[in-house]
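# Structural overview
Residue-level listing of the chains:
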Amino acid sequence: DDLVERVSLAKAQGQMPDDPRRPDPRHNDPWIGPNMHAVNQHVIKPVTAAAGGMSWALMRHPEGAPIDFFCTHAWHEGLFE
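For clarity, every value in this text was computed on a predicted model and none was experimentally measured.

### A closer look at the packing of helix 1 (residues 2-12) against helix 2 (residues 36-50)
At their nearest, the axes of helix 1 and helix 2 sit 11 Å apart, and the two run at 115 degrees to each other. Crossing geometry of helix 1 relative to helix 2 is assigned as right-handed. Between helix 1 and helix 2, the residues in contact are L3, R6, V7 and A10 and V39, V43, I44 and V47, respectively. A breakdown of the residues in the contact of helix 1 with helix 2 according to their chemical character gives seven nonpolar, no polar and one charged.

Below, the structure is given as structure tokens:
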């Protein structure tokens, strides 16, 4: 997935620091990874802003995409889980 690849690259390049205001003990765990607060701050916001300011979903699928269901998870969970 593009998001996982971008986050992995950002971590490898030192561009994904843990947030000292809400430290995450699993931030550097290779199986769990940074939580969505960090992913949003350091990857999603800068990438979508540079692409014109739309959501990640519209950036990836400008024509839209049909869905059958929507699921989400807690923002404190790691991206790689």
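From this point, things continue past the structure.
### Regarding the nonpolar core
Counting residues in each nonpolar core, the largest one holds 11 residues, listed as L3, V7, A10, M16, M36, A38, V39, V43, I44, W56 and L79. No other element matches helix 2, which puts five residues into this core. Sequence-distant contacts of W56, defined by excluding residues within four places in its chain, comprise D2, L3, R6, I44, V47 and T48.

### Comments concerning the pattern of salt bridges
Counted according to the given criterion, the structure contains five salt bridges. One salt bridge in this structure joins D19 and R21, with 3.0 Å as the shortest N-O distance. Judged by its relative accessible area of 19%, D19 falls in the buried class. For R26, the salt bridge is made with D24, and the minimal N-O distance between the two is 4.0 Å. Three or more residues joined by partner-sharing salt bridges are found here, namely D2, R6 and R60.

What counts, and at which threshold
Residues numbered from 1 in each chain as written. Predicted model: local features only at pLDDT ≥ 70, side-chain atom pairs only at ≥ 80, totals over all residues. Heavy atoms only, no water. Axes fitted to C-alpha atoms, helices over the stretch in contact; angles between N-to-C directions. Helix = DSSP H or I, 4+ residues; strand = E, 2+ residues; numbered from the N terminus. Left-handed = near helix turned anticlockwise from the far one by under 90°. Contact = heavy atoms within 4.5 Å. Nonpolar A, V, L, I, M, F, W, Y, C, P; charged D, E, K, R; others polar. Core = buried A, V, L, I, M, F, W, Y, C linked by side-chain atoms within 4.5 Å. Buried < 20%, exposed > 50% of the residue type's maximum accessible area, 1.4 Å probe, protein only. Salt bridge = Lys/Arg side-chain N within 4 Å of Asp/Glu carboxyl O.

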